[in-house]
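Structural overview
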Amino acid sequence: MATDTDPGGGGIFGGEGETDRDRTGNAVVNWMENLSEAAYAYLLLLPATALLALIAFYPLVMTFIMSLQEDRTRGLEPLGGFVGVENYVNILTGNARLARQFMDVTMSASFPFIEFGVPILQQALFVTLGFAVISVFFETLIGFGQAYVLDQDFRGRRWVRVAIILPWAVPIVIQGMIFFLLFQPEVGFGSDFMQWLGVFGADPLADSQDSFIIVLVADIWKSAAFMALLILAGLQSVDRSLYDVARVAGASPLQRFKMITLPLVLPALLVAMLFRTMDAMRVYGLIESTAGCTTVPSLTCLVVEAMFGGTRIYATAAAVAFMTALVIGLIISVYVFFFRDTEGGLS
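What comes next concerns the included structure. Just so you know, these numbers come straight off a predicted model, no measurement behind them. (Residues numbered from 1 in each chain as written. Predicted model: local features only at pLDDT ≥ 70, side-chain atom pairs only at ≥ 80, totals over all residues. Heavy atoms only, no water.)

Concerning the state of the cysteines
As used in these notes, a disulfide is a covalent bond between sulfur atoms, one from each of two cysteines. Inspection of every chain in the model, using the stated rule, returns one disulfide. Covalent S-S linkage joins cysteine 293 and cysteine 301, the inter-sulfur distance amounting to 2.1 Å. Taking the torsion about the S-S bond as the criterion, the cysteine 293 to cysteine 301 disulfide, at about -60 degrees, is left-handed. (Disulfide = S-S within 2.5 Å.)

So this is what it looks like as structure tokens:
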């Protein structure tokens, strides 16, 4: 007797009752089952890749197209005709009409990266690269130490973990205001204390070198907790029996760290460093809320001031933004190239 699922009496998996739609579905299933593991993994990543292309690569392409047009400071239209790479040439040679504060020659007397009269983009590039390298270096060291402590069993570990993670929960603007008030003369004690030590001047937030250090300390204070979280996840994934075997074999704590802990946690460490490097290269909110982009110019500061600083140089802003994306992409490529053979890492 035929049923609703078997109108032709041939069964639901074949026979006369099988429709074209059923045959197509079975063919797709068979094709997916015959895929290799790598091909199946790429197939699963395809929707995410398409979404990423829509929300990330498309704006990047449009930014590049905008950067090839002419700045138009008058009229209703913000962009002029096609000028090719003229905006990039002007930026690299120092002829771009950027916001005035980035051309303040007084910065050359106090800030170590700005003392040779280099074009303004190079000033911002050196500031950004210096910030990224120094901050990620110290955040990695401090975060690793914090994660290593949290990985041990001791009384009150829960409260220590909360204390370490708490700075990461502070919003960037609040974080910037904390350090702004801390080093504001006649308001916070940080300015007087550092001046007493002979490290800062009377008004550190008005000095590029002092402000750069303040922003660095503020970023390290907050982001070391992020590094600690990611590294702690890697530490807790290490098989504890390996340490027992090493102790029986007579390995010292340093040998256990060198032969077991560091190699196994290295993939998580590299991922954490990659994330923090990309984030540090985009620094803006912390600088603006602490010392201001006039004092400590970064690449992102340059983009924001060129776009919204009142000069309406949208094409130049797009060119700086695209060059910033290229620098970040180059850094990612360096990470992937040098650590491609790391087991479980960036390969």
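Looking at the pattern of salt bridges
Under the definition given, this model contains six salt bridges. Ionic pairing is found between aspartate 244 and arginine 247, a salt bridge with its closest N-O pair at 3.1 Å. Note that aspartate 244 and arginine 247 are positioned in helix H9 (residues 241-248) at a spacing of three residues, about one turn of the helix. A residue is classified by how much of its surface remains accessible, and aspartate 244, at 45% relative accessible area, is partly exposed. A cluster of three or more residues bridged by salt bridges with shared partners is formed by Glu139, Asp219, Arg276, Asp279 and Arg282. (Salt bridge = Lys/Arg side-chain N within 4 Å of Asp/Glu carboxyl O. Helix = DSSP H or I, 4+ residues; strand = E, 2+ residues; numbered from the N terminus. Buried < 20%, exposed > 50% of the residue type's maximum accessible area, 1.4 Å probe, protein only.)

With respect to a nonpolar patch on the surface
On the surface, a nonpolar cluster with roughly 590 Å² of combined accessible area is contributed by Leu51, Leu52, Leu54, Ile55, Phe57 and Leu60. Relative to the elements of secondary structure, leucine 51 occurs in helix H2 (residues 37-67). (Patch = residues over 30% accessible without salt bridge, like charges linked within 9 Å, V, L, I, M, F, W, Y side chains within 5 Å. Areas by Shrake-Rupley, 256 points an atom, 1.4 Å probe, with all protein chains shown as cover.)

Thoughts on the packing of helix H12 (residues 299-308) against helix H13 (residues 314-338)
H13 packs onto H12 with a crossing angle of 165 degrees between their chain directions and a minimal axis gap of 8 Å. Considered as vectors, H12 and H13 are oriented roughly antiparallel to each other. The hand of the H12/H13 crossing is left-handed. Packed against H12, whose contacting residues are Leu299, Leu302, Val303, Ala306 and Met307, the element H13 presents Tyr314, Ala317, Val320, Ala321 and Thr324 at the interface. (Axes fitted to C-alpha atoms, helices over the stretch in contact; angles between N-to-C directions. Parallel < 35°, antiparallel > 145°, perpendicular 65-115°, else oblique. Left-handed = near helix turned anticlockwise from the far one by under 90°. Contact = heavy atoms within 4.5 Å.)

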